[in-house]
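Residue-level listing of the chains:
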Amino acid sequence: MSYPLVCLGNPLLDVQANVEPEYLAKYNLKSNDAILIEDAKTDPRMKIFDELVEKKDTIFVAGGAAQNTARGAAFELGPNKVAYFGCVGEDKFSQQLLQENERAGVKSLYLVNKEIGTGKCAALINGHDRSLVTDLGAANHFKPEHLDKNWEYVENAKAFYIGGFHLTVSPEAIVKLGKHAQENKKPFVINFSAPFIPQFFKDALIQVLPYATHIIANETEAAAFSESFYNGENITDLKEIAKKIINDYNKNATVIFTHGLEPTVLVNSDLSTKEIDVHPLETSKIVDTNGAGDAFAGGFVAGIILGEDVEKCIDRGQALAKISIQQVGPSFPVK
Ligand code: 26A
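Residues numbered from 1 in each chain as written. Predicted model: local features only at pLDDT ≥ 70, side-chain atom pairs only at ≥ 80, totals over all residues. Heavy atoms only, no water.

So, about the UniProt feature "domain: Carbohydrate kinase PfkB" (unreviewed entry) in the protein. The sites that UniProt annotates as "domain: Carbohydrate kinase PfkB" (unreviewed entry) are residues 24–333. Across residues 24–333 one finds 40% helix and 23% strand; the C-alpha atoms that close the span lie 29 Å apart. (UniProt positions renumbered as here; feature names shortened; annotations may be inferred. Helix = DSSP H or I, 4+ residues; strand = E, 2+ residues; numbered from the N terminus.)

This is how it looks when you write it as structure tokens:
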């Protein structure tokens, strides 16, 4: 019942395969992006899943951004330190997710929806980029009441990690956890997750930002935030974007922007800044970058649980991202 880190997100099974640029072009997909299928009945991109199943190199691997982060944090912290909330269906996909969480030492606090299948994400690997196409399925049906039913896990938690992707599902659930975190002075880490979150889920993001103690995003998500929230001002400098977020949305937050191989930008709530180097990896050793950002977040929140200062947390995140991109899928080595 007592897990220091509690995460909330959309549990998905990743259907991962290598694809050529022509395949992405056929479905009008960018090489490095994440999109959400809103209507599974009519969206032509649902065909991608059928096509991937036919491909020989396709693998089925645990995904869901915050769930990857939960497994990453457990890799750092050891078993029985991390619990994860999300909604799954009653099928073999959710069984696989459950098993992979167990193997990773993560306690699954799933809400099970008997009518709808577990969500899935087509992870289309192209070179060192990945294009993600998600059919949320049951993950779209998480309900805040599921938190109430498991409130002892929330009370016993020392910190929370929220995948921004969950803003498409239940901002209410995020606010509920956020209020608890704020009242009890617990760290509350939010990741923007994808450019479309600040673009199209602006109101939901505004609702939850006040609760964040730490905000994590990558450079494209930061740019999307700047365009969506400060349209016309053309603010492109990452430190400036971070300062605007702190000034306008949460004066107590620390903002962390990863920037590919460039140093990670840290802007503290007092607006002091720092750049922290990544842990470079020889290009030839990169297997795939699916889940690299989630692994960074996993190392980061593990550091928060260990009581490390924010720079050490970032360094731990960089180290874990380096480990994850040497694995197939958003995975970590078996210990
Ligand atoms: C709401 N959407 C679109 C999503 C996701 C998602 N996780 C939660 N919600 N779209 C992609 N992912 C996950 O991101 C990981 C890589 O960072 C994929 O499942 C993949 O494992």
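Our focus in this paragraph is the sheet that holds strand β7 (residues 119–126). To summarise the sheet geometry, strands pair through backbone hydrogen bonds and adopt either a parallel or an antiparallel arrangement. Taken in spatial order, the 5 strands line up as β3-β8-β7-β2-β4 in an open sheet, and their pairing is mixed. Each of the sheet's edge strands pairs with one partner strand only, and the pair in question is β3 (33–36) and β4 (59–63). Averaged over all neighbouring strand pairs, the angle between strand axes comes to 25 degrees, with direction disregarded. The pairing of strand β2 (residues 12–18) with β4 spans 5 bridges and is classified as antiparallel. Bridged to Leu-12 within β4 is Gly-63. On top of the sheet, helix α2 (residues 47–54) reaches β2, β4, β7 and β8 (129–135); it is set at about 65 degrees to β7, its chief contact. (Pairing = 2+ DSSP bridges. Axes fitted to C-alpha atoms, helices over the stretch in contact; angles between N-to-C directions. Contact = heavy atoms within 4.5 Å.)

Spatial ordering of the open sheet is given by β6-β5-β1-β9-β10-β11-β12-β13-β14, a layout of 9 strands whose pairing is mixed. At either margin of the open sheet sits one strand with a lone partner, and together these are β6 (106–113) and β14 (273–276). Mean inter-strand twist for the sheet, computed between neighbouring axes without regard to direction, equals 20 degrees. Where strand β12 (residues 254–259) and strand β13 (residues 262–267) come together, 4 bridges link them in antiparallel fashion. The partner of Val-255 across the bridge, within β13, is Val-267. Contacts from helix α7 (residues 171–183) reach β1 (5–8), β9 (159–163) and β10 (188–191), with the element oriented near 155 degrees to β9.

When pLDDT is averaged along the protein, the result is 97, and 100% of the positions lie at 70 or above. Across the interfaces of the predicted complex, the ipTM metric reaches 0.94, alongside a pTM of 0.97. (pLDDT = per-residue confidence, 0-100.)

Attention now moves to the side chain of Asn-101. As for its placement among the helices and strands, Asn-101 is situated in helix α4 (residues 92–104). With sequence-adjacent residues up to four places away left out, Asn-101 is seen in contact with Gln-67, Arg-71, Tyr-84, Val-106, Ser-108 and Tyr-110.

As a further point, take the UniProt feature "active site" (unreviewed entry) in the protein. Taking the numbering used here, the UniProt-annotated feature "active site" (unreviewed entry) corresponds to Asp-294. Residue placement: Asp-294 occurs in helix α12 (residues 292–305).

Once that is clear, we can look at the packing of α12 against helix α13 (residues 310–324). The N-to-C vectors of α12 and α13 enclose an angle of 140 degrees; their axes lie 7 Å apart at closest approach. The angle between α12 and α13 places the two elements in the oblique class. In the crossing of α12 with α13, the sense of the turn from one axis to the other is right-handed. Contacts between α12 and α13 involve Ala-292, Ala-295, Phe-296, Gly-298, Gly-299, Phe-300, Ala-302, Gly-303 and Ile-304 from the former and Val-310, Cys-313, Ile-314, Arg-316, Gly-317, Gln-318, Leu-320, Ala-321 and Ser-324 from the latter. (Parallel < 35°, antiparallel > 145°, perpendicular 65-115°, else oblique. Left-handed = near helix turned anticlockwise from the far one by under 90°.)

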